[in-house]
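Here is what each chain is made of, one letter per residue.
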Amino acid sequence: MAQKGVQLDRESFSCSICLDLLKDPVTIPCGHSYCMNCIKSFWDEGDEKKIHSCPQCRQTFTPRPVLVKNTMLAVLVEELKKTGLQAAAADHCYAGPEDVACDVCTGRKLKAVKSCLMCPASYCEKHLQPHYEAAPLKKHKLVEPSKKLQENICSRHDEVMKMFCRTDQQCICYLCSVDEHKGHDTVSAAAERTERQRELQLRRQQIQQRIQDRDKDVKVLQQEVEAINGSADKAVEDSEKIFTELIRLMEKRGSDVKQQIRSQQETEVSRVKELQEKLEQEITELKRKDAELKQLSHTEDHNQFLHNYPSLSRLSESTDSSSINIRPLSYFEDVTAAVSQLRDKLQDILRNTWTNISLTVTEVDVLLSQLEPKTRADFLKYSQDITLDPNTANTRLLLSEGNRKATLMNQKQSYSSHPDRFTSYFQALSRESLTGRCYWEVERRGGVYVAVAYKNISRAGYSEECIFGSNDKSWALHCDQNRYTFWFNNRETPVSGPRSSRVGVYLDHRAGVLSFYSVSETRTLLHRVQTTFTQPLYAGVWLNWNNGDTAEFCKLK
């Protein structure tokens, strides 16, 4: 209560013009006090009319009173300022733009501490006291201060809305319940609140349970993130080690080849130079012998000629040079060819294995796959244009509409021979490989198998390895006039669903989801596969026996 007294004192020492504590307080003849500048400005505006009145009680004064500073008030205001609570009073007691103001206060309004739903009005602590003291008012419903009290008043009858119409799901007053809401299911607002309160508690329990579940999911996902990061870091580290070992092995083999080449180079060059030196020595000896014979040929003394000739005419043994020309010259070209052959083999190995490595990386299993689309617009986000590959089409299939449509014909088509062609069954595969998330639709007439398959499915002959759905390399939905059946690895699964000439296929390669839909005005799931795809897939169709049957991949965009 002491604090309340301080607040009242502050209001008493406030200027009713500027609503702040008095500055240079003056007291006019009627007894009210103002800031000197405030009352001067107020009276200056009325000088032309010769009217000088009190802003609060409206008492007029003639002539204009002389203003003298009220020393006692000035001292009291200064003492009040020294308490340091001026800002607190202004900020915490008076209502600001965002606050609910007391509806009873005059002048500068105080903050409301409660709102009454019955009155309806909002009250500061002072003006709320009657609700605590007067017996009739004690029964009123007090709530936290609210600016929306008028929403509780019926705009038609200007009465508090204490009823609730369950028929129209709105609050009404009693007069409404016997007027335009007559005959409706109406209850008191309190009763409806009690019912809704129970629903609210149940809903809160559901929300709290869901929060707990989601907290668990978040923790699981966090563990999954940590596991993915840890596994990825280890895979990167191990891969770097393996590739580093491969690089070091290649560098070592390269160094060994280089060393062998240099060693053989040194041996061969040494052998050649040794033979070269012998030949050069023989040339020198032969030149010397030729000079001696030349000199002997010019000797005029016959006896001297005959005496020296035998010794000069003998030649030393000649170096055998036949090895130089026994075969064409051959250096280290064969080594280069052998290394090139090794490079080509390694490139082939890397090319063949890299696809598997890349596919393995992209198909890393994650905890949660993306949600399957629900609406047609969602499916169309993943629409895939499909065209059939003429090199795969059986010769009884006529391709048209830009290779999107296949028709079973009685006559064979003039296709060239190709290893990818299905030779025995009336099947064809798409040009496009399918990974990621894809959606397409097939419009059919007659009995048609709508399928997906790996590229390495067998093509030639009558074995089950060639038939869509009869092996572990293909999945097929058989559609005829009377029923659907799903086939995989030669196992048949009956499928129920509405008959339609159009089948939609949704593939989430990474998540291992393959779904078939009956498509008409609505979309109905026929069959869903959950598996692990190890290779890219290709869309396929198999037209079963009847000439004129067709299957067309629809344009969806």
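The name an unreviewed UniProt entry gives the protein is Tripartite motif-containing protein 16-like, with Seriola dumerili as the organism.

Here the focus is the overall build of the protein. Scanning the protein from N- to C-terminus turns up 11 helices and 21 strands. A globule of 557 residues ought to have a C-alpha radius of gyration of about 24 Å, yet the protein, at 53 Å, is considerably larger. With the C-alpha coordinates aligned to their principal axes, the bounding extent of the protein is approximately 180 × 85 × 50 Å. Taken across its 557 residues, the protein has 30% of its residues classed as buried. Of the contacts made within the protein by residues no fewer than 6 positions apart, 55% connect residues no fewer than 24 positions apart. A total accessible area of about 36,600 Å² is found for the protein, and carbon and sulfur atoms account for 52% of it. Taking the average location of the 77 positive side-chain charges in the protein and that of its 76 negative ones, the two points are 7 Å from each other.

Considering the arrangement of structural elements, one finds Pro63 in the loop between helix 2 (36-46) and helix 3 (71-82). With relative accessibility at 66%, the residue Pro63 sits in the exposed group. Here the alpha-carbon distance between Pro63 and His52, two residues 11 residues apart in the chain, equals 7.9 Å.

This next bit is on the sheet that holds strand 4 (residues 121-123). Spatially, three strands are ordered 4-3-5 in an open sheet, and the strand pairing comes out antiparallel. Every interior strand has two partners, whereas the edge strands, strand 4 and strand 5 (142-143), have only one. Bridge count between strand 3 (residues 114-116) and strand 4: three bridges; the pairing is antiparallel. Looking at strand 4, one finds that Lys114 is bridged to Tyr123. Each of strand 3, strand 4 and strand 5 touches helix 5 (residues 125-133); the most contacted strand, strand 4, lies at about 115° to it.

Further remarks concern the confidence of the model for the protein. Here the protein averages 86 in pLDDT, while 91% of its residues score no lower than 70. Overall, residues 1-8 carries pLDDT values under 50, and its contacts beyond four positions in sequence, including any with other chains, amount to one contact. Here residues 85-90 is modelled with pLDDT under 50, and outside its nearest four sequence neighbours on either side it reaches nine contacts, counting other chains as well.

All right, on to the sheet that holds strand 16 (residues 491-495) then. An order of 11-20-13-14-15-16 is seen for the six strands of this open sheet, with the pairing classed as antiparallel. The sheet terminates laterally at strand 11 (427-434) and strand 16, the two strands that pair on one side only. Direction aside, neighbouring strands of the sheet carry axes that sit 20° apart on average. As paired strands, strand 13 (residues 448-454) and strand 20 (residues 537-543) are joined by seven bridges and run antiparallel to one another. Bridge pairing in strand 20 places Ala451 opposite Gly540.

Turning our eyes to something else, we now look at the nonpolar core. Grouped together as the largest cluster of nonpolar side chains are 51 residues, with contacts concentrated most on Trp440, Phe468, Trp475, Leu477 and Leu514. For this core, the element with the highest residue contribution is strand 13, accounting for seven residues. With residues up to four places along the chain from it excluded, the contact list for Leu477 reads Val448, Tyr449, Val450, Tyr484, Thr485, Phe486, Val495, Val503, Phe516 and Leu526. Phe13, Ile39, Trp43 and Leu73 belong to the second largest nonpolar core, which has 18 residues in total.

This next bit is on the pairing of strand 21 (residues 550-553). Here strand 10 (residues 405-408) pairs with strand 21 via three bridges, running antiparallel. Within strand 21, the residue paired with Lys405 across the bridge is Glu552. In this structure, strand 12 (residues 437-445) lies alongside strand 21, joined through four bridges in antiparallel fashion. Directly across from Glu443, in strand 21, lies its bridge partner Glu552.

In this section: helix 3. Helix length check: helix 3, at 12 residues, gives a terminal C-alpha distance of 17 Å against a target of 16 Å (1.5 Å per residue), a fit within 8%. Here helix 3 starts with a cap whose side-chain oxygen sits 3.2 Å from the backbone nitrogen of Met72, and that cap is Asn70.

Positionally, Gln427 belongs in strand 11. Taking relative accessible area as the criterion, Gln427 reaches 0% and is therefore assigned buried. A polar atom in the side chain of Gln427 sits 2.9 Å from the backbone oxygen of Cys466. Among the polar contacts listed, one links the side chain of Gln427 to the backbone nitrogen of Phe468, at a separation of 3.0 Å. The residues touching Gln427, leaving out its near neighbours within four places in the chain, are Thr392, Ala393, Asn394, Leu397, Phe422, Cys466, Ile467, Phe468, Val541 and Trp542.

On to a nonpolar patch on the surface. Taken together, the side chains of Ile242, Phe243, Leu246, Ile247, Leu249, Trp354, Ile357 and Val361 define a hydrophobic patch exposed on the protein surface, amounting to about 780 Å² of accessible area. At the level of secondary structure, the elements contributing two or more residues to the nonpolar patch comprise helix 8 (189-297) and helix 10 (333-362).

Right, let's get into unusual backbone geometry. In this model, Thr62 is joined to Pro63 through a cis peptide bond whose omega is -5°. Here Cys119 and Pro120 are connected by a cis peptide whose omega angle stands at -20°. Residue position: Pro120 is located in the loop between strand 3 and strand 4. At Asp158, a position not held by glycine, the phi torsion is positive, near 55°. Here Asp158 shows up in the loop between strand 5 and strand 6 (163-165). Positive phi is not limited to glycine here, since Asn489 has a value of about 55°. Inspection of the secondary structure assignment puts Asn489 in the loop between strand 15 (484-488) and strand 16.

With that settled, consider the state of the cysteines. One pass over the structure, following the stated rule, counts zero disulfides. Counting only cysteine sulfurs, Cys479 is the nearest neighbor of Cys554, a cysteine outside any disulfide, at a range of 13 Å.

One can find Asp549 in the loop between strand 20 and strand 21. Relative accessible area serves as the criterion here: at 7%, Asp549 is assigned to the buried category. C-alpha of Asp549 to C-alpha of Arg444: the two residues are 105 residues apart in sequence and 7.6 Å apart in space. Those residues in contact with Asp549 that sit more than four places away from it in its chain are Ala406, Thr407, Leu408, Arg445, Gly446, Gly447, Leu543 and Asn544.

Here is what the cut-offs are and how they apply
Residues numbered from 1 in each chain as written. Predicted model: local features only at pLDDT ≥ 70, side-chain atom pairs only at ≥ 80, totals over all residues. Heavy atoms only, no water. Helix = DSSP H or I, 4+ residues; strand = E, 2+ residues; numbered from the N terminus. Rg over C-alpha atoms; globule rule 2.2 N^0.38 Å. Buried < 20%, exposed > 50% of the residue type's maximum accessible area, 1.4 Å probe, protein only. Contact = heavy atoms within 4.5 Å. Areas by Shrake-Rupley, 256 points an atom, 1.4 Å probe, with all protein chains shown as cover. Lys, Arg positive; Asp, Glu negative; His and termini not counted. Charge placed at Lys NZ, Arg CZ, Asp CG, Glu CD. Pairing = 2+ DSSP bridges. Axes fitted to C-alpha atoms, helices over the stretch in contact; angles between N-to-C directions. pLDDT = per-residue confidence, 0-100. Core = buried A, V, L, I, M, F, W, Y, C linked by side-chain atoms within 4.5 Å. Expected span 1.5 Å × (residues − 1). Polar contact = N/O pair within 3.5 Å; in protein donor to acceptor, adjacent residues only side chain to side chain. Patch = residues over 30% accessible without salt bridge, like charges linked within 9 Å, V, L, I, M, F, W, Y side chains within 5 Å. Salt bridge = Lys/Arg side-chain N within 4 Å of Asp/Glu carboxyl O. Disulfide = S-S within 2.5 Å.

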